[in-house]
Amino acid sequence: MTETFQFKLLATDGKARRGEVSMPRGTIRTPAFMPVGTVGTVKAMYLDQVRELGADIILGNTYHLMLRPGAERVARLGGLHNFIRWDRPILTDSGGFQVMSLSSLRKLNEQGVTFKSHVDGALYHMSPERSIEIQGLLDSDIQMQLDECVALPAEPNEIERAMEMSLRWAERCKAAFGDQPGKAMFGIVQGGDIPKLRERSALALRDLDLKGYAVGGLAVGEPQEVMLDMLDVTCPALPAEKPRYLMGVGTPDDILKSVAHGIDMFDCVMPTRSGRHGLAFTRYGRINLRNARHAEDTRPLDEQSTCPATRDYSRAYLHHLIRSNESLGGMLLSWNNLAYYQELMAGIRKAIEEGRYADFMAETQENWKRGDL
Ligand SMILES: Nc1cc(N)c2c(=O)[nH][nH]c(=O)c2c1
């Protein structure tokens, strides 16, 4: 057990990196996928299940938790780990991204963002300092700077304005975070789809000597090719000895390719949200269980899986549950999908260790083409 935050690179294969983040609450094997625990729960899952599937860390959403139950209340209750009964690392986002996507009456200026809660309409102001304070009250292990993410496509001067302000906010967040042994604050690279702005953002954040770096402003509507092009510019400008976290990504194909571009950490609601809507991720591609063709299919999703949701339930039953809007349908498919994502991450890590990542990526993508066998 370590009292400090440490990142070790264990192996590389091209730009793909196998590493480990060591923190007091546990070790994170990278490349890592972080299930999203939005309001203190990975929806439709017990956290014991999430851990058994191989998750070393989960993500908490600051925006939701600050509105309900409230950061000060969580602190009074002993912090987020005690509240939700998860004793391993938690990464919290800054709240800014969800303010812009979920709240109304948003006003953003140099001081921060003012917004009305989508829960009760109350007015809130969140500065860079308040975001870090909230994440501290939650007892978050990895805290994200407050930033401004511009949806693409956007005007270059708008992208530049948001990127420069995010850099100034990074300095304020670093000052507010101070020195918290065993915890980390990550900067967030912005710059939209403009290579020179991406490089400027990454180099300026590098000069702040932070514990880790997120790549933001992607997975916001741009084509996958643009996202990967921005990683080609951003990753080389970041320090090799620090972890790199691609925010909000993504599909299994996004993850495979982003690992090949040098990314270490991922988070996405895709496996849980799509599971609740009837979409199953499997070794042989995606299966939409809402489709009537599954109504009498007695096969499980994958009889060779170690996950009970994948191995023991017929597609006919899953189809029935989803079409009936039964909670168990979303529970079983969330379980299946998180199992698949963690199996994919374990396969990625092993392939990098063995120097065969390119073959692993090609085999995995080929298997997806086999479709719904
Ligand atoms: N796709 C994205 C998902 C996210 N949660 C974030 C974020 O929290 N901050 N900044 C970002 O740019 C961002 C992008």
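Residues numbered from 1 in each chain as written. Predicted model: local features only at pLDDT ≥ 70, side-chain atom pairs only at ≥ 80, totals over all residues. Heavy atoms only, no water.

J.: Just to check I follow, could you spell out the side chain of Thr-310 for this structure?
T.: Here Thr-310 lies in helix α12 (residues 308–311). Within polar-contact distance, the side chain of Thr-310 engages the side chain of Asn-336 at 2.7 Å. When sequence neighbours within four positions are dropped, the list of residues in contact with Thr-310 reads Pro-300, Leu-301, Asp-302, Ser-305 and Asn-336. (Helix = DSSP H or I, 4+ residues; strand = E, 2+ residues; numbered from the N terminus. Polar contact = N/O pair within 3.5 Å; in protein donor to acceptor, adjacent residues only side chain to side chain. Contact = heavy atoms within 4.5 Å.)

J.: Honestly, the sheet that holds strand β9 (residues 112–116) in this entry has me stumped. Any pointers?
T.: The strands making up a sheet associate through hydrogen bonds between their backbones, and the pairing can be parallel or antiparallel. Overall, antiparallel pairing links the three strands, which are arranged β8-β9-β10 in an open sheet. This sheet does not close on itself; its edge strands, each paired only once, are β8 (104–109) and β10 (123–126). Going from strand to strand, the sheet's axes swing by 15° on average, the running direction of each strand aside. Sheet topology places β9 next to β10; four bridges connect them, and they run antiparallel. Its bridge partner lying in β10, Lys-116 is registered against Leu-123. Packing against the sheet, helix α6 (residues 128–137) makes contact with β9 and β10, and its axis sits at approximately 100° to β10. Against the sheet, helix α7 (residues 156–177) contacts β8 and β9, and its axis sits at roughly 75° relative to β8. (Pairing = 2+ DSSP bridges. Axes fitted to C-alpha atoms, helices over the stretch in contact; angles between N-to-C directions.)

J.: What is the right way to look at the pattern of salt bridges in this model?
T.: Should the charged atoms of two oppositely charged side chains come close, the side chains can pair. Within the structure shown, the criterion is met by 23 salt bridges. Between Arg-168 and Glu-110 there is a salt bridge, and its shortest N-O distance comes to 2.8 Å. With Arg-168 in helix α7 and Glu-110 in the loop between β8 and β9, this residue pair connects regions lying 58 residues apart in the sequence. The partly exposed category is assigned to Arg-168, whose relative accessible area is 38%. Judged by its relative accessible area of 31%, Glu-110 is partly exposed. Between Arg-311 and Asp-312 there is a salt bridge; the shortest N-O distance is 2.7 Å. Of the residues examined, Asp-312 reaches a relative accessible area of 46% and is grouped as partly exposed. One salt-bridge network, in which partners are shared between bridges, spans Arg-25, Asp-139, Asp-141 and Lys-183. (Salt bridge = Lys/Arg side-chain N within 4 Å of Asp/Glu carboxyl O. Buried < 20%, exposed > 50% of the residue type's maximum accessible area, 1.4 Å probe, protein only.)

J.: Looking at this model, I keep getting lost on the side chain of Gln-342. Mind explaining?
T.: Following the sequence through the fold, Gln-342 ends up in helix α14 (residues 327–353). According to the relative accessible area criterion, Gln-342 is buried, its value standing at 5%. Not counting residues up to four positions away in its chain, the partners in contact with Gln-342 are Phe-33, Pro-35, Leu-53, Gly-54 and Ala-55.

J.: What's the story with the packing of aromatic side chains in this structure? I'm lost.
T.: Here the distance between the centres and the angle between the planes together describe a pair of aromatic rings. Throughout the structure, instances matching the rule amount to seven aromatic pairs. Aromatic pair Phe-33 and Tyr-341: ring centres 4.8 Å apart, planes at 55°, arrangement tilted. Of this pair, Phe-33 sits in strand β4 (residues 32–34) while Tyr-341 is found in helix α14, placing the two residues 308 residues apart along the sequence. We note that Phe-33, like Tyr-341, is buried. Members of the aromatic cluster, each reached through a chain of ring pairs, are Phe-33, Phe-281 and Tyr-341. (Phe/Tyr/Trp six-rings, centres within 6.5 Å; stacked < 30°, edge-to-face > 60°.)

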